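Residues per chain, in single letters:
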Amino acid sequence: MKRLAVVLAAAFFSLPAPAQDAKKEIEKYQRMINDSSPAELFELEGESLWKKPQGPRNVSLERCDLGMGPGVLKGAYAHLPRYFQDTDRVMDLETRLLHCMMSLQGRSREEATRRVFGNEDKPSEMELLSAYIAGESRGVPMQPGTKHPKEIAAYELGRKLFFFRTGPWDFSCASCHGEEGKRIRMQDLPVLSEPASARPVVATWPAYRVSNSQFKTMQWRINDCYRQMRMPEPNFASELTNAVNLFLTTTGQGEPYRGPGTKR
Amino acid sequence: MADPMKIRTTVGAEYTEVRVLMVHPMETGQRKDSGGNLIPIHFIQEMSVKLNGKTVLEGQISQAVSRNPVFSFRLKGAKSGDKLEIAWLDNRGERNRTETAIA
Amino acid sequence: MKGALQLCMFAALAACSGLPEKKHFDEKDFGEIEALMMRDFHPRGSAKMDRIAPDALQKACNLADNAPSPEAAKALEAQQFSTIKFPSGNLMGDWKNGQKIAQSGRGLQWNDKPGAAGGGGCYNCHQLSPQEASYGTLGPSLLGFGKQRGTSLEMQRYAYGRVYNAKAYNACSQMPRLGYSGTLTEQQIKDVVAYLLDPASPVNR
């Protein structure tokens, strides 16, 4: 593993520093990394990818309708997840991008989802596109769909999933994200079922993670939570993941989107 | 050859804040690839900043710095329109130089 | 779990618990949620689909919003206690190994090598050694755990039981059932007991 995080960790072990000082240093580091970030590089590359002709039809994604009309990007991310009439379902950004890859570019689901999560050497298409499109919602208040019956149903489903304990470790999302003032190791845990705690989270995802130089999306975050909850793997862009995402985004709605975040 | 740096400048009353995002893998030489082989060390060793042709900052960077590093520093006596040049040299002898005008 | 016992637990809940203030689930939700999860998850690594359906304890805690009535809790705890396999004789292992187990968060995830030694993930939630600054606060601090309790066989059994099946002592505890779920072996739990109780362990120094 790398650099600044490793140096900070080394400092904690060489002196028996109390956890309070450690927290202060981490907060200082978080302020520093939010000031200009490699996330911008992903946004730039995402823009090129958005405009790149691909697939059997050899067209770009520029006519993709993310909810505000074909090709309209300003504010589109801030209004997701939402119900889409043409597919008759609630969709988040990545789910909608997959739909456009298939319907506009003629790509198969199998091919378009072969590598949805990348690594530090090669980000995935979803990561690059998410960075770019999210960036186009900077300053726009987060307002996912809340009125359509399918949006309401998805929200309710997401809420139930949030509190549903199962698996070999008896975890639900609420096991970690259900109580104020708790942390796992040194990572503070926002209470994602409470608007005040959820809002800053919703305003800063997707995000660049400094510790492994990777850009992370919401589909990845939900996937990785379930992995750590000792569950099997959720299907990418499934109804389940979209319900969880809609619940989280709705709970944390209202805050102006800050652009792709930068995290530990 | 190398990707251009992204430079942002903010002129203030007492100094100009400069923020530069560099594109570089910054390999420590400790990481292993999927085959278990060590990825060779590859990092920015030196950087320099010139204001209107005169060197105002020189830095020695180590492999402990993150991939695609961001540096920020404060310049005194800079004003809008001044020529700013940031350059780096890495351990393989590769160079990069980006010029911009102070905003 | 046996059907009769399941019925017994639900009866206890129905008879004794008032409706909780914030109810997330009805009995009828379970079928729907399970079906959705079976469709929208896929197995990977050691994480198979038999992990999806909640067991009777999880169902009871879900229904009671993790706050069962005292009577219901007692019944659940007794049933969970009966699952604990206590080794005979000394229950204290090697605290040095226990420390490694407490530090390790590996095991049972789909990216963990099947057969590789897992950890207890203790530091994710608990403070233990005063020298370890990187500890979580989801669970209570265990600083000086052994110093306060001594090393009697009774205490060893208590610590062993807590780690093996935390729900035997607190029906809807957040803590995973590390022995019951097969996360830790008997020897590993003994080592964790030593980490908690041994006077030489950093936890007690």
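See above for the structure.
Structure report, in brief. All values reported here derive from a predicted model rather than from experimental measurement. (Residues numbered from 1 in each chain as written. Chains lettered and ligands numbered in written order. Predicted model: local features only at pLDDT ≥ 70, side-chain atom pairs only at ≥ 80, totals over all residues.)

Focus on the overall build of chain C
So, point 1. Assigned secondary structure in chain C consists of 9 helices and 1 strand.
So, point 2. Ordered by position from the N terminus, the helices and strands of chain C form the series α-α-β-α-α-α-α-α-α-α.
So, point 3. Relative to its 205 residues, chain C shows a buried fraction of 44%.
So, point 4. In chain C, once contacts between residues fewer than 6 apart in sequence are set aside, the share between residues at least 24 apart is 65%. (Helix = DSSP H or I, 4+ residues; strand = E, 2+ residues; numbered from the N terminus. Buried ≥ 20, exposed ≤ 12 C-beta atoms within 10 Å, placed from the backbone. Contact = placed C-beta atoms within 7 Å.)

Quick notes on unusual backbone geometry
What is expected of a backbone is that most residues other than glycine have negative phi and most peptide bonds are trans.
All names here are of chain A.
So, point 1. The omega angle of the peptide bond from Leu80 to Pro81 is -5°, so this bond is cis rather than trans.
So, point 2. For Pro81, the position within the fold is in the loop between helix H3 (39-50) and strand S1 (82-84).
So, point 3. Residue Pro206 is reached from Trp205 by a cis peptide bond, and omega for that bond is 0°.
So, point 4. Positionally, Pro206 belongs in the loop between helix H9 (195-202) and strand S5 (207-209).
So, point 5. For Asp170, which is not a glycine, the phi torsion comes out positive at approximately 60°.
So, point 6. Along the chain, the position of Asp170 falls in the loop between helix H7 (149-163) and helix H8 (173-177).

Digging into the environment of Asn62 of chain C
So, point 1. On the secondary structure map, Asn62 of chain C appears in helix H3 (residues 56-63).
So, point 2. When the C-alpha atoms of Asn62 of chain C and Glu27 of chain C are compared, they prove to be 9.5 Å apart, with 35 residues separating the residues in sequence.
So, point 3. Here Asn62 of chain C is in contact with Phe164 and Arg165 of chain A together with Phe25 and Pro54 of chain C, once residues within four sequence places are set aside.

Description of the packing of helix H5 (residues 95-103) of chain C against helix H9 (residues 186-197) of chain C
Residue and element names in this part refer to chain C.
So, point 1. Direction vectors running N to C along H5 and H9 enclose 100°, while the axes themselves pass 7 Å from each other. Classified by the angle between their axes, H5 and H9 sit roughly perpendicular to one another. Each of Trp95, Asn97, Gly98, Gln99, Ile101 and Ala102 in H5 lies in contact with H9, whose residues at this interface are Gln188, Asp191, Val192, Ala194 and Tyr195.
So, point 2. Classifying every residue of the contact of H5 with H9 by side-chain character gives 6 nonpolar, 4 polar and 1 charged. (Axes fitted to C-alpha atoms, helices over the stretch in contact; angles between N-to-C directions. Parallel < 35°, antiparallel > 145°, perpendicular 65-115°, else oblique. Nonpolar A, V, L, I, M, F, W, Y, C, P; charged D, E, K, R; others polar.)

Describing the sheet that holds strand S8 (residues 261-263) of chain A
Residue and element names in this part refer to chain A.
So, point 1. Here 3 strands make up an open sheet; going across it, the order is S6-S5-S8 and the pairing mixed. The open sheet is flanked by strand S6 (214-216) and S8, the only strands paired with a single partner. Taken over all neighbouring pairs, the strand axes of this sheet differ in orientation by 30° on average, direction set aside.
So, point 2. As judged from the 3 bridges shared by S5 and S6, these two strands associate in the antiparallel manner. Residue pairing for S6: Ala207 is matched across the bridge by Lys216. (Pairing = 2+ DSSP bridges.)

What to know about the sheet that holds strand S5 (residues 70-75) of chain B
Residues and elements named next belong to chain B.
So, point 1. Spatially, S1-S2-S5 is the arrangement adopted by the 3 strands of the open sheet, whose pairing is antiparallel. Of all strands in the sheet, those bounded by a partner on one side alone are strand S1 (6-11) and S5. Direction aside, the axes of adjacent strands within the sheet are offset by 15° on average.
So, point 2. Bridge analysis of strand S2 (residues 16-21) against S5 gives 6 bridges, and the strand direction is antiparallel. The residue of S5 that forms the bridge with Glu17 is Arg74.

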